[in-house]
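Now for the letters of each chain:
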Amino acid sequence: MIAAVGALGIEPGDEVIVPLPAWPTFLDQPRWLGARAVTVPAEADLLPDPDRVAAACTEHTKIILVNSPGNPSGRVWPQDRMAAIVEIAMQRDLWLLSDEVY
């Protein structure tokens, strides 16, 4: 992921939205580039809440991490949640960085 984040032009002060639960290095890698990982707690079903993701976005947000199937949860994001996250990214001109670990 670090190469992908760097290739997207992340600079110090930028933010990467990381829905939880998340693999620990997802939180470290933005920091290695001077950016900040902004965590978004999952719902009880271990899936991201699009409203929480949208609320976490600021003028410094550059990327939303998509990790489906999730690592470490193994949860696959349903199409409606994925579509809502895509819509958030499109409205705010953000990158989606997908890590399909499985």
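Just so it is clear, the structure is predicted and the values come from calculations on it, not from any experiment.

Let us look at helix H2 (residues 24-32). Residues of H2 that are buried: Phe26, Gln29 and Pro30. Down the axis of H2, the smallest arc covering the buried residues is 95 degrees, so these residues share one side. Facing away from the buried side of H2 by more than 90 degrees, the exposed set consists of Arg31 and Trp32. With its phi angle positive at about 90 degrees, glycine 34 sits one or two positions after the end of H2.

So, on to the pattern of salt bridges. According to the stated counting rule, one finds four salt bridges in the structure shown. Taking the shortest distance from any N to any O, the salt bridge between arginine 52 and glutamate 43 comes out at 3.5 Å. Residue arginine 52 is classed as partly exposed on the basis of its relative accessible area, which comes to 36%.

So, about the nonpolar core. Within the largest apolar cluster, 15 residues are counted, with the highest numbers of intra-cluster contacts made by Ile17, Val53, Cys57, Ile64, Ile85 and Ile88. Residue assignment for this core shows that the elements contributing at least two residues are strand E2 (36-40), helix H3 (50-56), strand E3 (61-66) and helix H4 (79-92). With nine residues, the next largest nonpolar core counts Val16, Ala22, Ile63 and Leu65 among its residues.

Conventions used here
- Residue positions are counted from 1 within each chain, in the order its sequence is given.
- Selection of residues for local features in this predicted model requires a pLDDT of at least 70, selection of side-chain atom pairs for listing and counting requires 80 or more, and totals for whole chains, interfaces and linings are taken over all residues.
- Water and hydrogen atoms were dropped before computing side-chain values, which therefore reflect all heavy atoms in the structure.
- The classification of residues rests on relative accessible area computed with a 1.4 Å probe and restricted to protein chains. Under 20% of the type maximum is buried, over 50% is exposed, and intermediate values are partly exposed.
- Helix and strand labels come from DSSP, where a helix needs a run of H or I of at least four residues and a strand needs a run of E of at least two; each type is numbered from the N terminus.
- Working definition: the arc comes from the directions between the helix axis and the C-beta atoms, pointing outward to the latter.
- By salt bridge we mean one thing: a side-chain nitrogen of Lys or Arg within 4 Å of a carboxyl oxygen of Asp or Glu.
- Among buried residues, the Ala, Val, Leu, Ile, Met, Phe, Trp, Tyr and Cys ones that are joined through side-chain atoms within 4.5 Å form a nonpolar core.

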